[in-house]
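# Descriptive analysis of the structure
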Amino acid sequence: MFEILEKELLARDIWKYTIAAPEVAKKAQPGQFVVLRLHEQGERIPISISDWDRDAGTITLIVQAVGHTTKRLAEMDAGDHILDLLGPLGKPAVIEPVGTVACVGGGVGTAIIYPEARGHRQIGNRVVTLIGARSREHLFYQEELSAVSERVLVATDDGSCGHHGFVTDLLRQLIDDGLHLDQVIAVGPVPMMQAVSELTKSRGIKTIVSLNPIMVDGTGMCGACRVRVGGAIKFCCIDGPEFDAHEVDFSSLLRRLRLQERSAAGCTSAENGTEGCKSQCHN
Amino acid sequence: MPTQPPQDRIKNFQEVALGYSPEMARREAARCLQCRQRPCVKGCPVGIDIPGFVRAIAEGDFAGAVAVIRQDNTLPAICGRVCPQEVQCESHCVLGRKGEPLAIGNLERFAADWERETWGGAAHRPNRVRGGKGKVAVVGSGPAGLTAAAELSRLGYEVTIFEALHTPGGVLAYGIPEFRLPKDILAYEFRQLQLQGVELRTNVLIGSTLTIDDLFSLGFQAVFLGTGAGLPHLLGIPGEDLNGVYTANEFLTRVNLMKAYLYPQVDTPLYLGKHVVVIGGGNTAMDAARTAVRLGSSVTVVYRRSREHLPARREEILHAEEEGVEFRFLTSPTAIKGDEEGWVEAIQCVAMELGDPTEDGRPAVRPIPGSELWLPADSVIVAIGQGPNPIVARTTPGLETGLHGVIEVAPDTFMTSREGVFAAGDVITGGATVIKAMGGGKKAAQAIDHYLRNRSGRPIS
Ligand SMILES: Cc1cc2nc3c(=O)[nH]c(=O)nc-3n(C[C@H](O)[C@H](O)[C@H](O)COP(=O)(O)OP(=O)(O)OC[C@H]3O[C@@H](n4cnc5c(N)ncnc54)[C@H](O)[C@@H]3O)c2cc1C
Ligand SMILES: Cc1cc2nc3c(=O)[nH]c(=O)nc-3n(C[C@H](O)[C@H](O)[C@H](O)COP(=O)(O)OP(=O)(O)OC[C@H]3O[C@@H](n4cnc5c(N)ncnc54)[C@H](O)[C@@H]3O)c2cc1C
Ligand code: FES
């Protein structure tokens, strides 16, 4: 059992949880994630480790309430316990002295960008951070990111804060204005990562993305998380989650993320849709 | 052995084989000829005194039967259900020359079930072991880890099992379905082990949450790796990343471990569709096919050799046939096609022909040019085998691996290339059987005992 020590609303539907997990806290590195299960009937879901305190034995998770499990988590409070939590999983991000790095976060991906931006800053890279959200009320972590970045630029879809438009517009602008980038890291919704990747590919800038396929175990046992990278199939949970963006087949990833929708709607049944579900579900 | 009728059992996940009554067991046991040469024992990978326990059953001394089995096998209720008896003990039975061999597996199961149901572990609880000889870490809670832990605990060590998943049991928990191995039995075995003093820690991925070196720093004097062969192989054909293509591990894990068949009472969903094609012919393929039948799909198993080469247990093949699973032998998949949204629509296969026998005794296979055909499919389940997981090897300096990533051990000591680190089960052999993993786990435990006693007594040469 893993106790939720603190819970805080960061932005609309986005919660920050501080969780007691001493062994995970001791080992966590930027880029890694945990798989958690809330209760006996719960699903296993992957969530990135946004921060950790090795002395206090805690980790920080930032979770957007989008569906069944993440909403149920949002109903839990400090003092409640998460039944299962496994980690850290995945390969740590490769953080090396390269020069100037742009960290691009979209939506809840901003949470994942944070430890990476900090890591790059700590080893002396110049860090510029760009974050995108639907609107002002979905923005979070500006201050935290400012503390580890030379600049933080913001884009919102509705123009309620910062640039009115996509975060990729900002990135293009930055490059066009003559900022030399040695590396870009992009984490966010698949279309955003794909757009960043296309932009940087045309400019020849090395780009890393953190992929978020559906997972079950998170240890390489099930293959649910397979992604196509450089023409080969990789297991995101053990070979990733970070990959060279210019090698990733984003359309395959996007398609596989829709699996969850039909699975949830179609139950286990032979007929697609909830009606078939009732008649076909045996227990 | 009586079974649930096929038309009933395809609608539930309860156990198919119902077990013997005491009278049936005694009658079956009485058929044993008590041969002096004991050929059946030679066929048992752990050398159970088969004539001994069968005689006890015939005499109605069920407690005596269990005691005999337990000398060599810590998990008889499980082995009685999942061992491939037809190629082990029963294949050597003299009765089999003229008629049916003695149903040794069924009798083993009967004795073990009788023990569990009669005593519930209370009266015959193993004594709590005091430890005192040292601390040993067991990594993985499949049959290899389970057996190693039981043996080490019996030998007087303080044992902690570290398991990555939230439920212990390895393949017994996430792979083999409830209708073949009720999970209560597994839970019972773990309770016994814990009562005996073994500590069980789930949600710990060794190689990540804790490394092997961390285990030594925590005071463990030896480490046993029973991490199995859990990394699923893929076909390497076009379309394998389409939606609706599952590895057998994903499919079975969703159903067995996450109980997706109870959705929406549980949170884990699963989409399957009407036509399911399963690729492979082993136990995993049979389990996947029969599980899909129970979820309401019509199922075709595609296997590249012929029926007599199916590596699955004979009983599973028969049960699958009775449950309406269709088989396409001498057929091999070449591509998977999806609709415009990326969902599986059909699978292309090619007919195969058999050639000369290869080293493993099975005939070679080759495709017949121009024989391609498409089978309709809403889902495809790939059950073509598994290899060892790379996590421990990646994060343990000095741990050597061999072909296909198996961990290499010295044949008699089970020690890996890292001093004090031992391994057995599927992780050293590649996918094998429950009983071989158990046999390995037990021998490795004895080797660990030998190592630790020699190490503390006098320096190892
Ligand atoms: C390595 C990794 C790290 C992640 N880190 C974070 C994180 O730090 N914070 C965070 O909020 N989320 C993170 N995610 C996504 C998170 O796992 C999903 O949002 C979660 O599994 C949804 O579960 P649910 O039961 O709430 O939603 P469901 O009810 O299962 O689905 C609701 C909606 O979410 C979508 N969805 C389901 N699974 C995923 C997924 N894996 N990725 C994206 N969308 C999905 C569905 O398509 C559907 O539209 C990460 C995913 C991965 C693979
Ligand atoms: C679907 C299926 C059906 C089968 N049916 C039969 C059958 O009928 N009869 C038969 O004899 N055999 C059968 N087998 C084969 C048999 O199950 C295996 O040979 C046996 O389980 C191997 O045992 P093991 O202990 O070596 O590994 P496993 O059972 O694979 O257990 C390994 C355990 O280690 C854990 N683990 C792995 N890495 C780590 C880590 N780094 N840290 C912590 N924990 C870790 C895993 O999560 C797992 O729980 C079947 C296999 C499958 C997949
Ligand atoms: S999540 Fe199961 S293999 Fe990656």
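Cut-off values and rules
- Residues numbered from 1 in each chain as written.
- Chains lettered and ligands numbered in written order.
- Predicted model: local features only at pLDDT ≥ 70, side-chain atom pairs only at ≥ 80, totals over all residues.
- Heavy atoms only, no water.
- Contact = heavy atoms within 4.5 Å.
- Buried area = accessible area lost by both parts, 1.4 Å probe.
- Salt bridge = Lys/Arg side-chain N within 4 Å of Asp/Glu carboxyl O.
- Polar contact = N/O pair within 3.5 Å; in protein donor to acceptor, adjacent residues only side chain to side chain.
- Helix = DSSP H or I, 4+ residues; strand = E, 2+ residues; numbered from the N terminus.
- Nonpolar A, V, L, I, M, F, W, Y, C, P; charged D, E, K, R; others polar.
- Pairing = 2+ DSSP bridges.
- Near = heavy atom within 4 Å.
- Areas by Shrake-Rupley, 256 points an atom, 1.4 Å probe, with all protein chains shown as cover.
- pLDDT = per-residue confidence, 0-100.
- Phe/Tyr/Trp six-rings, centres within 6.5 Å; stacked < 30°, edge-to-face > 60°.
- Lys NZ or Arg CZ within 6 Å of the ring centre and 35° of its normal.
- Disulfide = S-S within 2.5 Å.
- Patch = residues over 30% accessible without salt bridge, like charges linked within 9 Å, V, L, I, M, F, W, Y side chains within 5 Å.
- Lys, Arg positive; Asp, Glu negative; His and termini not counted.
- Charge placed at Lys NZ, Arg CZ, Asp CG, Glu CD.
- Axes fitted to C-alpha atoms, helices over the stretch in contact; angles between N-to-C directions.
- Parallel < 35°, antiparallel > 145°, perpendicular 65-115°, else oblique.

### With respect to the interface of chain B and chain A
- Listed by partner, the interface residues are 55 residues for chain B and 52 residues for chain A.
- Between chain B and chain A, a total of about 4900 Å² is buried, with carbon and sulfur atoms accounting for 51% of that surface.
- It is B:Asn203, B:Asp241 and B:Asp267 that lose the most area in chain B upon contact with chain A, and together they represent 14% of the buried surface on that side.
- Counting across the interface, chain B meets chain A through five salt bridges.
- For the pair chain B and chain A, the number of links is 24 residue pairs in polar contact (both at pLDDT 80 or more).
- For the side of chain B that touches chain A, the secondary structure elements donating two or more residues are β5 (231–232), β6 (245–247), α12 (248–257) and α15 (391–395) of chain B.
- With four residues, α12(B) is the largest single contributor of residues to the side of chain B that touches chain A.
- Looking at the side of chain B that touches chain A, its residues break down into 26 nonpolar, 17 polar and 12 charged.

### Some thoughts on the sheet that holds strand β7 (residues 81–82) of chain A
All names here are of chain A.
- Judged by pairing direction, the sheet is antiparallel, and its five strands sit side by side in the order β5-β6-β2-β1-β7 without closing on themselves. The strands lining the two open edges of the sheet, one partner per strand, are β5 (51–53) and β7.
- As paired elements, β5 and strand β6 (residues 58–64) share three bridges and run antiparallel to each other. Along β6, the bridge assignment pairs tryptophan 52 with isoleucine 59.

### Things to note about the site of ligand 2
Residues and elements named next belong to chain B.
- The local shell around ligand 2 holds 36 residues, among which Val82, Ala144, Glu163, Ile206 and Asp426 are the closest.
- One of the backbone nitrogen or oxygen atoms of valine 171 is found 3.0 Å away from an oxygen atom of ligand 2.
- Threonine 433 is positioned with one of its backbone polar atoms (N or O) 3.4 Å from an oxygen atom of ligand 2.
- About the coverage of ligand 2: the protein hides 95% of its 1000 Å² of free accessible area.
- Looking at the shell around ligand 2, the elements that each hand over two or more residues are α8 (143–154), α13 (283–294) and α17 (434–457).
- When residues in the shell around ligand 2 are grouped by element, the largest group, three residues, is from α13.
- Broken down by class, the residue content of the shell around ligand 2 amounts to 18 nonpolar, 13 polar and five charged.

### Details of the confidence of the model for chain A
- Confidence in the prediction of chain A, expressed as mean pLDDT, is 90, and 92% of residues score 70 or more.
- In the model, residues 266–283 of chain A has pLDDT below 50 throughout and makes 40 contacts with residues more than four positions away in sequence or in other chains.

### What about the packing of aromatic side chains?
- All told, the structure shown has 10 aromatic pairs over all chains when counted by the stated rule.
- With a centroid separation of 5.7 Å and 70° between ring planes, the pair formed by B:Phe62 and B:Trp114 is classed as edge-to-face. Remark: B:Trp114 occurs in helix α7 (residues 104–119) and B:Phe62 occurs in helix α5 (residues 62–70); sequence separation between them is 52 residues.
- Members of the aromatic cluster, each reached through a chain of ring pairs, are A:Tyr114, A:Phe140 and A:Tyr141.
- Seen from the ring of B:Tyr188, B:Arg116 lies directly overhead, with NZ or CZ sitting 6.0 Å from the centre.
- One cation-aromatic arrangement involves B:Lys135 over B:Phe220; the distance from NZ or CZ to the ring centre is 4.6 Å.

### Some points on the pattern of salt bridges
Residue and element names in this part refer to chain B.
- Counting across every chain of the model gives 39 salt bridges over all chains.
- The salt bridge partner of lysine 133 is aspartate 449, with a shortest N-O separation of 3.2 Å. Pair noted here: lysine 133 is in the loop between α7 and β1 (135–139) and aspartate 449 is in helix α17, with a separation of 316 residues, a long-range link.
- The shortest N-O distance in the salt bridge between arginine 154 and glutamate 151 comes to 2.9 Å.

### Thoughts on the state of the cysteines
- Counted under the stated rule, the structure contains zero disulfides over all chains.
- Residue B:Cys44 stays outside any disulfide, its sulfur separated by 6.4 Å from that of B:Cys89, the closest cysteine.

### As for a negative patch on the surface
Residue and element names in this part refer to chain A.
- Where like charges cluster on the molecular surface, the negative patch consists of Glu6, Glu8, Glu143 and Glu144.
- Counting only elements with at least two residues in the negative patch, the list comes to β1 (2–11) and α4 (142–148).
- Its location among the elements puts glutamate 8 in strand β1.

### Description of the confidence of the model for chain B
- Averaged over chain B, the pLDDT score is 92; the fraction of residues at 70 or greater is 96%.
- In the predicted structure, residues 457–461 of chain B sits below a pLDDT of 50 and forms four contacts with residues beyond four places in sequence or in another chain.

### Things to note about the pairing of β1(A)
Residue and element names in this part refer to chain A.
- Relative to β7, β1 runs antiparallel, the two being bridged by two bridges. Along β7, the bridge assignment pairs phenylalanine 2 with isoleucine 82.
- Both β1 and strand β2 (residues 14–20) contribute to a ladder of six bridges, which runs antiparallel. Its bridge partner being in β2, glutamate 6 is matched across the sheet by threonine 18.

### As for the site of ligand 1
Residue and element names in this part refer to chain A.
- Residues in close proximity to ligand 1 total 22 residues, the closest being Pro46, Ile62, Gln64, Thr69 and Thr70.
- Backbone polar atom of glutamine 64 to an oxygen atom of ligand 1: 2.8 Å apart, as the coordinates give it.
- At a separation of 2.4 Å, an oxygen atom of ligand 1 approaches a polar side-chain atom of threonine 70.
- Computed on the free molecule, ligand 1 has an accessible area of 860 Å², of which 83% lies beneath the protein chains in the complex.
- When residues of the shell around ligand 1 are traced back to their parent elements, those giving at least two are β4 (45–48), β6 and α2 (68–74).

### As for the side chain of B:Thr396
Residue and element names in this part refer to chain B.
- Within the element layout of this structure, threonine 396 appears in the loop between α15 and β16 (421–423).
- Within the local environment of threonine 396, its side chain forms a polar contact with the backbone oxygen of valine 392, the two atoms lying 2.6 Å apart.
- If near-sequence neighbours (up to four positions away) are discounted, threonine 396 is found in contact with Ile212 and Arg418.

### Some thoughts on the packing of helix α4 (residues 50–58) of chain B against α5(B)
All names here are of chain B.
- Close contact between α4 and α5 brings their axes to 7 Å; oriented N to C, the two are set at 170°. With respect to α5, the element α4 is oriented roughly antiparallel. Taking contact as the criterion, the partners of Gly52, Phe53, Ala56 and Ile57 in α4 are, on α5, Phe62, Gly64, Ala65, Val68 and Ile69.
- By residue class, the composition of the contact of α4 with α5 is seven nonpolar, two polar and no charged.

### With respect to the side chain of A:Ser48
- Secondary-structure assignment places A:Ser48 in strand β4.
- Setting aside anything within four residues of it in sequence, one finds A:Ser48 in contact with A:Gln32, A:Phe33, A:Thr60, A:Leu61 and A:Ile112.

### Structural notes on the sheet that holds strand β4 (residues 222–225) of chain B
Residues and elements named next belong to chain B.
- The five strands lie next to each other as β3-β2-β1-β4-β16, forming an open sheet whose pairing is parallel. Each of the sheet's edge strands pairs with one partner strand only, and the pair in question is β3 (199–201) and β16. If you compare each strand with its neighbour and ignore which way they point, the axes differ by 20° on average.
- Judged from the four bridges that link them, β1 and β4 form a sheet pairing that is parallel. Each bridged residue has a counterpart across the sheet, and for valine 139 the counterpart in β4 is leucine 225.

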